[in-house]
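Commentary on secondary and tertiary structure
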Amino acid sequence: MIAVADRNRFSGVEIALRMRGISKKFGPMQALSDVSFTVRRSTVHALVGENGAGKSTLMKILAGVYQPDSGSIEINEKLQTLSKPSEALAAGISMIYQELDLAEHLTVAENVFLGMELPGRLPFTMDQKEMIARTTELAKRFDFKIDPMAVVEELAMGDCQIVEILKALTRNASIIVMDEPTSSLSESEAAMLFELVRALREQELSVIYISHRLEEIVGLADDVSVLRDGRMVHSGSMATLDIPKIVHHMVGRELKDFFPARNVNIGAIRVKVRNLSSGNGVESISFDIRKGEILGMAGLIGAGRTQVARALFGIDRKTSGAIELDGCPLEISSPTDAITNHIAFLTEDRKRTGLCLELPCSWNVTLPNLVAIGMKSIIQPGRENKIVTDIARRISIKWLGPQAQVDSLSGGNQQKILIARWLLAESKFMIFDEPTRGIDVGAKKEVYSLLNELAAEGKAILLISSELPELFGIADRILVMRRGRLVGNVNPEETTQEEVMHLAAVEATQ
Amino acid sequence: MSRLARQLLPFGSLILIICTLSALKPDTFLSTDNFLNVLRRSSVNGIIAVGMTAIIISAGIDLSVGSMMALSGMVGAWVMIVIGGTNPQGAALVIGTFAGIVTGLACGSLNGVFITKLKLPPFIVTLGTMSTFRGISYVMNAGKPYNIPHYKYLNEGVVLGIPVSVLIFAVIITLAGLLLRYSRLGRYTYAIGSNREAAFHAGVNVDSYLIRIYALTGLVVGIAAMITTSRAVSAQPTAGVALELDIIAAVVIGGASLSGGRGTIIGTLIGTLLISFLRNGCTLLDISTNVQLIVIGAIIIVAVAIDQLARSRAAVGQTE
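Counting of residues starts from 1 at the beginning of each chain's written sequence and follows it residue by residue. By the order in which they are written, chains take letters starting at A while ligands take numbers starting at 1. Given that the model is predicted, a residue must reach a pLDDT of at least 70 before its local features are reported, and side-chain atom pairs must reach 80 or more before they are shown or counted; all residues, however, enter totals for whole chains, interfaces and linings. Hydrogens are left out, water is left out, and the side-chain values use all remaining heavy atoms of the structure.

Turning to the interface of chain B and chain A, a few remarks are in order. Contact with chain B, which involves 27 residues of that partner, is made by 43 residues of chain A. Together chain B and chain A conceal approximately 2800 Å² of surface at their shared face, both sides included; 56% is due to carbon and sulfur atoms. Salt bridge, as applied in this entry: a Lys or Arg side-chain nitrogen positioned within 4 Å of an Asp or Glu carboxyl oxygen. Here chain B is connected to chain A by one salt bridge. Among the salt bridges present, the one from E384 of chain A reaches R187 of chain B, with a minimum N-O distance of 2.6 Å. By the criteria applied, helices consist of DSSP H or I runs no shorter than four residues and strands consist of E runs no shorter than two, each listed in order from the N terminus. Elements that contribute at least two residues to the side of chain B that touches chain A include exactly α9 (184-194), α10 (196-201) and α14 (289-317) of chain B. What makes two residues a contact is simply this: any of their non-hydrogen atoms within 4.5 Å. We define buried area as the total accessible area lost by two parts upon association, computed with a 1.4 Å probe and summed across both.

Rendered as C-alpha cells:
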C-alpha cells in the first residue's frame with residue numbers, strides 16, 4: 001500500500017534514493033523487516049522513530065556499515081551494492097554522526113580535504129593554497145560563514161557541523177544523512193544549522209534528517225518517514241502531518257495523557273538554598289523546594305543550570321552559599337558528601353558522567369548505594385542482583401538481566417539504569433538534569449510518571465530541562481536562569497512558554 | 001567469538017603449551033620437580049601481577065614495579081645487616097623482611113599520591129619513580145649487593161611438600177581474587193577504570209581508592225622482593241630490571257584491558273603461568289633467552305589482537 005502511495009507522490013520528481021524491501025536480523029532480533037524508503041532529490045526528509053525502531057540500522061546499511069539480509073538500494077536510479085563504507089561514500093552518501101568525526105588539530109581546509117589532499121608540486125607535499133581556495137569557494141556557494149584557516153578545536157559546535165557538511169560536499173555527496181545534529185547545539189546554533197540544511201536543499205542535495213525533536217522537523221522537513229519496531233509505518237509529505245500525528249505513528253497510540261495528572265500534595269520546605277555561587281559561573285542563587293514539589297529550571301544552554309546542580313552536589317567548589325535540608329545546614333564538598341546527605345543528581349551526560357558502560361547493570365545501579373544497602377565492605381552478589389531486579393521491575397527496564405552490560409541496552413533503558421540508581425538511594429532531594437534527553441516518546445512518558453510518583457512520596461525535585469512543554473506539563477513552579485543568575489520564578493499556570501523564553505533569552509532593560 | 005571463548009583462549013593456549021612440551025620432552029618436562037620449579041619461578045611474577053591487575057583494571061599502569069622490587073629488597077637486607085651485623089640471623093631477618101615489605105608499601109603509596117594529588121598520568125609518574133627507585137637501590141651500597149647468607153627460608157622452606165613461596169603466591173592470589181570480586185574496593189576499582197568521571201559522580205572517593213590500589217600493589221611487590229632476595233641470598237640493586245614488561249604482558253594476556261574496566265585475577269594467573277611455561281619450555285628445548293624474547297613479544301601482540309578482533313565483532317553485533 002505504501003509503495004502505491006509512493007509512486008503517486010513521487011511521480012514526475014527525481015528520486016535520489018530508493019531502498020526497497022530491506023530486512024536485517026541481528027542474532028534472534030529482527031532489526032528491520034521489509035522496509036522501503038524513498039527520498040526525493042532536493043528535499044529534506046525526516047526519519048523518525050522511537051529508540052530501537054531501526055533508524056540507525058537503516059542508515060548504517062545505507063552507509064555500507066551493515067549489509068542487509070535482503071532488499072535493494074538504488075542511488076540516483078542506479079542499483080548499488082554497498083559492501084563497505086567507502087563504496088557508500090563513492091556512491092554519494094555522506095553521514096554526519098552525532099559525535100562529529102573531525103581531526104581537531106587540523107584546520108578547516110585540511111579537514112575538508114582529509115584523505116583526498118590535493119598534491120603539491122613536490123612529492124609528499126600538498127597544495128594548501130588550492131585547498132583553502134576551494135574550501136572558501138564552496139563555503140561561499142552555500143553562503144556558509146567559516147574561516148578555512150581556523151583550527152577545528154577552536155570552533156564552536158555549530159561551526160564544526162559546517163566543516164562536516166563541507167567535507168561531505170567535497171566528496172560529491174548527493175545525499176547527506178544527519179543524525180541528531182542539534183543535540184549538542186545551542187538554540188542560535190541550531191537555527192543556523194537549519195539555514196545550512198535549507199541551503200543544501202536549494203543546491204539539489206537531499207538531506208536525511210534524524211531527530212527526536214519533532215518541533216524542529218515540522219519547520220524543516222518536506223517529507224517524513226516513521227519507523228516503528230523495524231517497520232516503516234508511515235512515509236509521506238510533512239504538509240499533511242503535525243506533531244500529534246507523528247507521535248501517533250511513532251508509538252502507535254495517542255498520547256492524550258502525555259503529562260500524567262499530578263497528585264500534588266506540597267508540604268513544608270525541604271530544601272533551602274541561599275546565595276549559592278560557584279567558581280563555575282553560578283552567581284548568588286537562592287530558592288526553596290517544598291516536600292512533594294517539582295521545581296522546574298529553565299534557561300538556554302550555557303545559562304548555568306547544570307552548574308547550579310554541580311555546585312549543589314559538591315562537584316564544583318562553592319564560593320559562597322548555604323544549603324539546608326529539612327532545616328539542617330549541610331556541608332557538601334564532594335559527591336560523596338551529597339549522597340550521604342540524601343541528595344541525588346541524575347546527570348545530563350549519561351555516557352561521560354553517568355554510566356560505566358562495560359560493567360553490568362547491577363553494578364551501575366548499586367555504585368553509589370553499596371554502603372546504604374549494607375555492603376560497606378563485602379558485596380553479596382545474590383542479594384545485589386535481587387535488589388536491582390526488584391527496582392528494574394518497578395520502572396520496567398528491558399534488559400537480559402542484572403548482569404548484562406549496560407551498553408547492550410537501548411538509550412532509554414540506559415537512562416532508566418541511572419534512574420534506578422537514584423531510586424535505590426532513596427534520596428530526599430533529587431536533581432534531574434535533562435532526564436528525557438535522547439530518549440523516545442514512550443520512555444519520556446514513563447519518566448514523567450516516575451517524577452510524579454517521587455514527588456507524591458514527598459521528595460523535593462529540581463527538574464532542569466530545555467524543553468519548555470515538559471516544564472509546563474509537570475513542574476509546580478519554574479525558575480528561569482540567564483548568565484548564571486536567576487531571572488524569574490514563575491507559576492506555569494499564570495504564564496506562557498513565550499514569556500519564559502523571553503526571560504531566558506532577553507537581557508532585562510532597565 | 002563468544003565472550004566465553006575469549007576467556008577460555010588463554011587457558012586453552014596454556015593447556016596446549018603444556019601438552020606440546022609433555023610430548024616433546026616427556027622425561028624432563030613432566031616431572032614434579034620441573035613443575036614445582038616453574039611454579040616457584042612464577043610466584044614472584046605472579047604476586048606482582050596480582051597488584052598490576054588491579055592497577056590496570058583501574059585504567060592505570062605501574063612501570064616502577066621492577067625498581068620497587070629492587071629497592072624493597074635492598075632496604076630489607078640493609079635493615080637485617082644494621083640489626084644483625086654482617087651475617088644476620090633470626091629476629092634480624094624477620095624484622096628486615098617486614099622492613100622490605102613496608103618499603104614496597106611506601107613506594108606504592110608514593111606513586112598513588114603523586115598520581116592523584118598532582119593529577120599526573122600514571123605512566124609518567126611511574127616512569128619517573130622507576131628511575132628514582134632504581135637509582136636509590138644503586139646508591140644504597142654503591143651499586144653492590146647486600147649478602148645475607150642465612151636468609152633462605154622464603155625460597156627453600158617447604159610446608160606440606162609445597163614451597164613457601166608458592167604458598168604465599170596461592171594465598172595472595174586467592175585473597176586478591178576475592179577482594180576484586182566481593183569487596184567494595186574491588187567494585188570501585190572496576191568502576192574507576194571503566195569511567196572515572198562517572199565513579200566520582202556516583203560518590204566514589206576516586207583519589208583515596210586509587211592510592212589504596214597503588215599502595216596494595218607496593219605491598220605485594222615488597223613481598224615478592226623478599227622472596228627474590230631469599231632466592232639469591234642477597235639483595236641485588238639490579239633485581240627486576242625489565243620485570244614490568246613480563247608482568248604487564250601476563251596481565252594483558254590474561255584478558256585485562258589497558259583502557260581499564262576489564263580484567264580478572266584468574267586471567268592473570270593463567271597469563272603468568274603461560275609465560276613461565278613458555279620460558280621453561282624454551283629452556284628445555286635449548287632455545288636461547290634471546291629468542292624467548294621474540295616469542296613472548298609475538299604472543300603479547302597476538303593475544304591483544306585476538307581480543308580487539310573479538311571486541312570489534314561484538315560491537316558490530318550490537319544494534320543501535
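So that's the structure; there's more coming.
Turning next to helix α4 (residues 65-84) of chain B. Residue and element names in this part refer to chain B. Expected span, for any helix, means 1.5 Å times one less than how many residues it has. For α4, which comprises 20 residues, the first-to-last C-alpha distance of 28 Å matches the rise-based estimate of 28 Å (1.5 Å per residue) to within 8%. Relative accessibility thresholds used throughout: buried, under 20% of the residue-type maximum; exposed, over 50%; partly exposed, between the two (1.4 Å probe, protein chains only). For α4, a buried count of 15 out of 20 residues is recorded, marking the element as mostly surrounded by other parts of the structure. Two residues or fewer past α4, G85 is found with a positive phi of approximately 80°.

On to the packing of aromatic side chains, then. Planes of paired rings set the category: under 30 degrees apart is stacked, over 60 is edge-to-face and the rest tilted, where pairs are Phe, Tyr or Trp rings (Trp by its six-membered ring) whose centres lie within 6.5 Å. Under the defined criterion, the tally for this structure stands at seven aromatic pairs over all chains. Among the aromatic residues, those joined into a cluster by ring pairs are F313, F345 and W422 of chain A. Whether a charge sits over a ring comes down to the Lys NZ or Arg CZ being within 6 Å of the ring centre and within 35 degrees of the ring normal. Above the plane of the ring of W363 of chain A lies R187 of chain B, whose end atom (NZ or CZ) is 4.1 Å from the centre. Residue placement shows R212 of chain B over the ring face of Y209 of chain B; its charged tip is 4.1 Å from the ring centre.

Buried residues of nine kinds, namely Ala, Val, Leu, Ile, Met, Phe, Trp, Tyr and Cys, make up a nonpolar core once their side-chain atoms join them within 4.5 Å. Judged by nonpolar contacts, the single largest core of 154 residues is most densely connected at F287, V308, L312, F429, I431 and L462 of chain A together with I48 of chain B. Residue contributions to this core peak at 12 residues, all from helix α11 (residues 206-232) of chain B. What marks off one domain from the next here is an automatic or database domain assignment. Looking at which domains feed residues into this core, each of domain 3 (268-342 + 427-501) and domain 4 (357-426) of chain A supplies at least three. Excluding residues within four positions of it along the chain, F287 of chain A makes contact with V271, K272, V273, R274, L295, M297, V308, L312, L462 and L479 of chain A. With 52 residues, the next largest nonpolar core counts I146, I165, L193 and A199 of chain A among its residues.

All names here are of chain A. By the criterion of burial, helix α10 (residues 305-312) is predominantly enclosed, with seven of the eight residues buried. Of the positions making up α10, those classed as buried are R305, T306, V308, A309, R310, A311 and L312. Looking one or two residues past α10, G314 carries a phi angle of roughly 80°, positive in sign.

This brings us to the environment of G49 of chain A. All names here are of chain A. Tracing the backbone shows G49 in the loop between β3 (44-48) and α2 (55-62). In sequence terms G49 and N491 are 442 residues apart; their C-alpha atoms lie 33 Å from each other. Those residues within four positions of G49 in sequence are excluded, and the remaining contacts are K55, H212, L227 and M250.

Where the model shows low pLDDT, its predicted coordinates should not be examined in detail. Residues and elements named next belong to chain B. pLDDT expresses, on a scale from 0 to 100, how confident the predictor is about each individual residue. On average, residues of chain B score 90 in pLDDT, and 94% of them reach the 70 mark or higher. For chain B, the element scoring lowest by mean pLDDT is α14, at 73; α11 scores highest, at 97. A low-confidence stretch, residues 316-320 (pLDDT under 50), is modelled with 14 contacts involving residues beyond four sequence positions or located in other chains.

On to the pattern of salt bridges, then. One pass over the structure, following the stated rule, counts 24 salt bridges over all chains. Linking E453 of chain A and R394 of chain A is a salt bridge whose minimum nitrogen-to-oxygen distance equals 3.4 Å. Of this pair, E453 of chain A sits in helix α16 (residues 441-456) while R394 of chain A sits in helix α14 (residues 381-394), and the two are 59 residues apart along the sequence. Of the residues examined, E453 of chain A reaches a relative accessible area of 38% and is grouped as partly exposed. For K117 of chain B, the salt bridge goes to D207 of chain B, with nearest N and O atoms at 3.7 Å. Within this pair, whereas K117 of chain B is found in helix α5 (residues 91-117), its partner D207 of chain B is found in helix α11, the two being separated by 90 residues in sequence.

Residues and elements named next belong to chain B. In this description, a line fitted to the C-alpha atoms serves as the axis of each element, helices being fitted only across the stretch in contact, and the angle between N-to-C directions of two axes falls anywhere from 0 to 180 degrees. Two elements in contact, α9 and α11, have axes whose closest approach is 10 Å; the angle formed by their N-to-C orientations is 110°. Taken together, α9 and α11 sit at an angle that is classed as roughly perpendicular. Of the residues in α11, those touching α9 at R184, L185, Y188, T189 and I192 are V206, Y209, L210, R212, I213 and L216. Among the residues making up the contact of α9 with α11, the classes are represented as eight nonpolar, one polar and two charged. In these notes the angle categories are as follows: under 35 degrees is roughly parallel, over 145 is roughly antiparallel, 65 to 115 is roughly perpendicular, and the rest is oblique. Lys, Arg, Asp and Glu make up the charged group, whereas Ala, Val, Leu, Ile, Met, Phe, Trp, Tyr, Cys and Pro make up the nonpolar group; the residues left over, Gly among them, are polar.

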